[in-house]
Amino acid sequence: MTKIEVADVFAAGLRGKRESLYAYRVRGLGRSAVVLWIGGENDEPDQVLALPEVDHCRVPVFTTVRQARLYVSRRGRRLACPEADVLELDRVEHWLENPARRRVPSGAVLDAWNFFEDLARGLGEVHRLPPQSAVHNSAYERLFGGECAAWTPEEQGAVLELITAGVELWNSCPVIVKPCSSIVLGSGRRSPKVR
């Protein structure tokens, strides 16, 4: 994604249309923040907003929905919904600590799976998630139907691999904290080029 395309998210939209922007609150054990999510139209995939830099992208993150709303407003856009949906990633991370002994929080795992795919797309880091196979598709269908207890060992392994990779992607992706003030953090470190 070029810098012009990012500007277009706030002008004509990422793909030349005025796409819907949403605030999405992620509550994790390692990282919690509000991100901006871009809803794809028709067959276009959704993605988390990530701003391109010279060699990678950074995700603007906010402490509150109000901060996200103000950020979008200053760019001439509005959030499609005034409130934010919430991903209880901490529940997923607790389950990952001992999946054999803990009940699958199916709704949170489904939300996490979708979020990780959208985050990877926004960052241009799809390769950091395992390639989707027929086993993943089957596991996703069972998850969507609330039938996690029926997962085969291969399906459960595929889910654990994908969700573990997704948590790592979220916790390590470079972010811009309070993007209006340009404080840049990557993998928990303050960037030397800021301030």
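Relevant structure appears above.
Reading the values: rules and limits
- Residues numbered from 1 in each chain as written.
- Predicted model: local features only at pLDDT ≥ 70, side-chain atom pairs only at ≥ 80, totals over all residues.
- Heavy atoms only, no water.
- Core = buried A, V, L, I, M, F, W, Y, C linked by side-chain atoms within 4.5 Å.
- Buried < 20%, exposed > 50% of the residue type's maximum accessible area, 1.4 Å probe, protein only.
- Helix = DSSP H or I, 4+ residues; strand = E, 2+ residues; numbered from the N terminus.
- Contact = heavy atoms within 4.5 Å.
- Pairing = 2+ DSSP bridges.
- Phe/Tyr/Trp six-rings, centres within 6.5 Å; stacked < 30°, edge-to-face > 60°.
- Lys NZ or Arg CZ within 6 Å of the ring centre and 35° of its normal.
- Salt bridge = Lys/Arg side-chain N within 4 Å of Asp/Glu carboxyl O.

A. Broad picture of the nonpolar core. Formed by 38 residues in total, the largest nonpolar core has its most connected members in Val59, Leu89, Phe115, Phe116, Leu119, Ile163 and Trp170. Those elements giving two or more residues to this core turn out to be strand S1 (20-27), strand S2 (32-39), strand S5 (57-61), helix H3 (89-97), helix H4 (106-123), helix H5 (134-144) and helix H6 (153-172). Top element by residues in this core is H4. It accounts for 10 residues. Non-local contacts of Leu89, meaning those with residues more than four positions away in its chain, are made with Val26, Arg27, Gly28, Ala112, Phe116, Val167 and Trp170.

B. Representation of the pairing of S1. As paired elements, S1 and S2 share eight bridges and run antiparallel to each other. Looking at S2, one finds that Arg27 is bridged to Ser32. The hairpin turn running from S1 into S2, its antiparallel successor, is four residues long.

C. Up close: the sheet that holds S1. With respect to topology, four strands assemble into an open sheet ordered S3-S2-S1-S6, the strand pairing being mixed. Of all strands in the sheet, those with a lone pairing partner are strand S3 (47-48) and strand S6 (85-87), marking the two edges. Pairing of S2 with S3 involves two bridges; the strand directions are antiparallel. Opposite Ile38, over in S3, you have Gln47 as the bridge partner.

D. Structural detail: the packing of aromatic side chains. Taken as a whole and assessed by the stated rule, the structure comprises six aromatic pairs. Ring geometry for Phe62 and Tyr71: centres 5.2 Å apart, planes at 55°, overall tilted. With a centroid separation of 5.8 Å and 55° between ring planes, the pair formed by Phe115 and Phe116 is classed as tilted. A single burial state applies to Phe115 and to Phe116, both of which are buried. An aromatic cluster is present here, built from Tyr24, Phe115, Phe116 and Trp170 joined pairwise through their rings. One Lys or Arg, Arg75, reaches over the ring of Tyr71 and ends 3.7 Å from the middle of that ring.

E. Expanded view of the pattern of salt bridges. Under the defined criterion, the tally for this structure stands at five salt bridges. With a closest N to O distance of 3.1 Å, Arg27 and Glu88 form a salt bridge. Of this pair, Arg27 sits in strand S1 while Glu88 is found in the loop between S6 and H3, placing the two residues 61 residues apart along the sequence. Arg27 sits in the partly exposed class, given a relative accessible area of 37%. A residue is classified by how much of its surface remains accessible, and Glu88, at 25% relative accessible area, is partly exposed. The residue Arg121 makes a salt bridge to Asp118 at a minimum N-O spacing of 2.5 Å. On the criterion of helical spacing, the pair formed by Arg121 and Asp118 is a turn pair, its members being three residues apart in helix H4. The exposure class of Asp118 is buried, given its relative accessible area of 8%.

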